[in-house]
Structure formats: structure tokens, C-alpha cells
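Architecture at a glance
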Amino acid sequence: MPHLFHVDSFTRTPLRGNAAGVVLDADGLSEAQMQDIARELKHSETAFVLRPCGDDHDVHLRFFTPALEVPVCGHATIAAHYALAHSGRAAASRWIVQKTGAGLQRVRPVHDAASGDWRIEIEQGAPQFGEPLGAHWRARVTQALGAAASGDGLAPGRPLQVVSTGHSKVMVPLPDGFALGRLAPDLEALAGMSRELNCNGWFPFVLKGSNATEGRMFAPAIGIGEDPVTGNANGPLGAYLVRHGLMPHDGRELAFEGHQGRVLRRDGVVHVRVAIDNGVPVKVTISGEAVILFNAPLRMPS
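Keep in mind that this is a model prediction, so the values were computed, not measured.

**Some words on the overall build of the chain**
Looking only at helices and strands, one finds 5 helices and 18 strands in the chain. Taken over the C-alpha trace, the chain has a radius of gyration of 19 Å; the compact-globule value for 302 residues is 19 Å, and the two agree within 12%. Over its C-alpha atoms, taken along the principal directions, the chain stretches across nearly 60 × 40 × 35 Å. Taking contacts inside the chain between residues at least 6 apart in sequence as the whole, the part at least 24 apart equals 61%. On the chain, roughly 13,000 Å² of surface is accessible, and the fraction owed to carbon and sulfur atoms is 49%. Distance between charge centroids for the chain: 2 Å, based on 28 positive and 30 negative side chains.

Below you can see the structure in the form of C-alpha cells.
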């Protein structure tokens, strides 16, 4: 019988972080039933965990928003593998290959002996960088985010740039000390600019000392006014920080905490590690904690 979980990802505190639905043992569900369940739950994404359908992976995951199926989702991946680990169906520190609509991806559940709980690591794709966007774009983005009354309110000397480790986001550097709660985004303007750039997410961020950041993520072009905590934004941010020398590291790896969700009262933390080769970011791994709010058998009509 399918089993339903409500999991808050990137946090150990219930009702914080980014909520996802998870359905284990979902093999007997039709695609229409999966869509109906996701619509009923109303999470931004619900993950359905299926048996592998080939020899090149260990588990098959499908992800549905309330409206449609999407290829992959970071916080729902954290949630799904946390539910598997919590159910005694994961081996600690063994890399698992999952198949999604975006291809194959490595995931690892790690057991913390001190807390007795789990965190989930996800390897993201190779970093890719667009060309820095010029002064015209900087002024438009400043206006659309409500970051300043006029002109370029972004951090000087730090590029406005599309970066991807699988799902591209626009990195929007704000000046040190900028209060993210001051942002007043024009979602219609951001959606229009997303269509121009072919990039759906905007990630304004600030540096918080030598090993932390704080950001907010807006993606109105795909129906997300603001996402609470976003692995596919904080991961690319790590690659951006290395490429532009904005955070100290030992030459081999950058590790930092990406804080997000405070303005929404959904505070969460994405732990980011960036492998570095000759000063170039070559691989990004994110990890997150999670907490189960509730779980129950899912009885579907016959």
C-alpha cells in the first residue's frame, strides 16, 4: 500500500524549511492518480518513489506540482530520501543513483551519530555560466525587485549572471548589509524578464560573513511567487562565489551555509560544498536536514 509523508526539508524544525509530499511504494498508482494526489496535497512538489526500471539506477522518482509533472525537484528529493531513511530503507553513507525526468543523479543519506538523525546529500550537475548581464539589465532588475528607488542598486563589482548546476537561476548580488525583507518584487515584471532570458528563477542574495549567505528566490514565470528554500539556487550560488572570488576557501573546496526563508517564516539552511580545480568550480554538492510532520497509509479508491 502506498504510504504518504509530509516532510519539511532543509530544517529540523516542523513548519519551517520547504514542505514536500512524499509517497513511498507508489508503483501501483497511475499518472492521473499521482497528479490528483499532488493537487490534493497542494505542496509545491510531491515526490513519488517507484521501483527501478533499469539496471543503471537504484530508485525511480517522479515529481508533480499541483498542476503538472516536473523533471526534478531538490527539496522533494531531500524529502523522499529522508522518508526512505526514516523508514529503514536506506544504507548510511552509500551513494544511491536515482532516475528522474532530468536523468540520473547521485544521492547519499548520511546518519549523524550525535543526533541520531539523517541528512541527505545531492550531487548537482557541472556548473555552467552565462555572460554577465550589463547595466541595462542591472537597472531593470533593481527596479523589478524594489531594491532601490532608481538606477543600479546591486553590489558594485559583482556580476548579475545566469548560473546553472542543472536548473538555471539569475544570481542577483545585493550590497553587504542589505535587508532582504525590504525587497518588494514586481512579480509580473520578473516573469516577463524571465521569458526574455529563458531563465525562470531570480536569486537576490547577500554575503553573511566568511561562510554564509542569505537569499530569496522568486520564480513567478512558473507560478512560484517565492520559494522558501531552494537547493537549485544555493548550489549555483556556490559556483558563482568561487568563480568570482567572493568567499575564502582552501583552494580545494568551498563550504558554506545558504540561509533562506526567513521572510516567509520558513527558515531553512542549504549546506553547500563546491569542489575546486585550479581555481575553477567543478562540482557542487548540496545537503539538507529534514523533519517529518506526519505520515499515514494512503488508501486510494479501487
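**What to know about the packing of helix H3 (residues 135-145) against helix H4 (residues 187-197)**
At a closest axis distance of 9 Å, the pairing of H3 and H4 adopts a crossing angle of 150°. The orientation of H3 with respect to H4, classified from their angle, is roughly antiparallel. Along the contact surface, H3 presents Trp137, Arg140, Val141, Ala144 and Leu145, while H4 presents Ala189, Leu190, Met193, Glu196 and Leu197.

**So, the side chain of Asn234**
Relative to the elements of secondary structure, Asn234 occurs in helix H5 (residues 231-243). Not counting chain neighbours up to four residues away, the residues in contact with Asn234 comprise Phe203, Thr213, Phe256, Gly258, Gln260, Val270 and Val272.

**With respect to the side chain of His57**
Tracing the backbone shows His57 in the loop between strand E3 (46-50) and strand E4 (59-64). Of note is the side chain of His57, whose polar atom sits 3.0 Å from the backbone nitrogen of Cys53. Within polar-contact distance, the side chain of His57 engages the side chain of Asp56 at 2.7 Å. Not counting chain neighbours up to four residues away, the residues in contact with His57 comprise Pro52, Val97, Gln98, Lys99 and Leu104.

Definitions and limits used
Residues numbered from 1 in each chain as written. Predicted model: local features only at pLDDT ≥ 70, side-chain atom pairs only at ≥ 80, totals over all residues. Heavy atoms only, no water. Helix = DSSP H or I, 4+ residues; strand = E, 2+ residues; numbered from the N terminus. Rg over C-alpha atoms; globule rule 2.2 N^0.38 Å. Contact = heavy atoms within 4.5 Å. Areas by Shrake-Rupley, 256 points an atom, 1.4 Å probe, with all protein chains shown as cover. Lys, Arg positive; Asp, Glu negative; His and termini not counted. Charge placed at Lys NZ, Arg CZ, Asp CG, Glu CD. Axes fitted to C-alpha atoms, helices over the stretch in contact; angles between N-to-C directions. Parallel < 35°, antiparallel > 145°, perpendicular 65-115°, else oblique. Polar contact = N/O pair within 3.5 Å; in protein donor to acceptor, adjacent residues only side chain to side chain.

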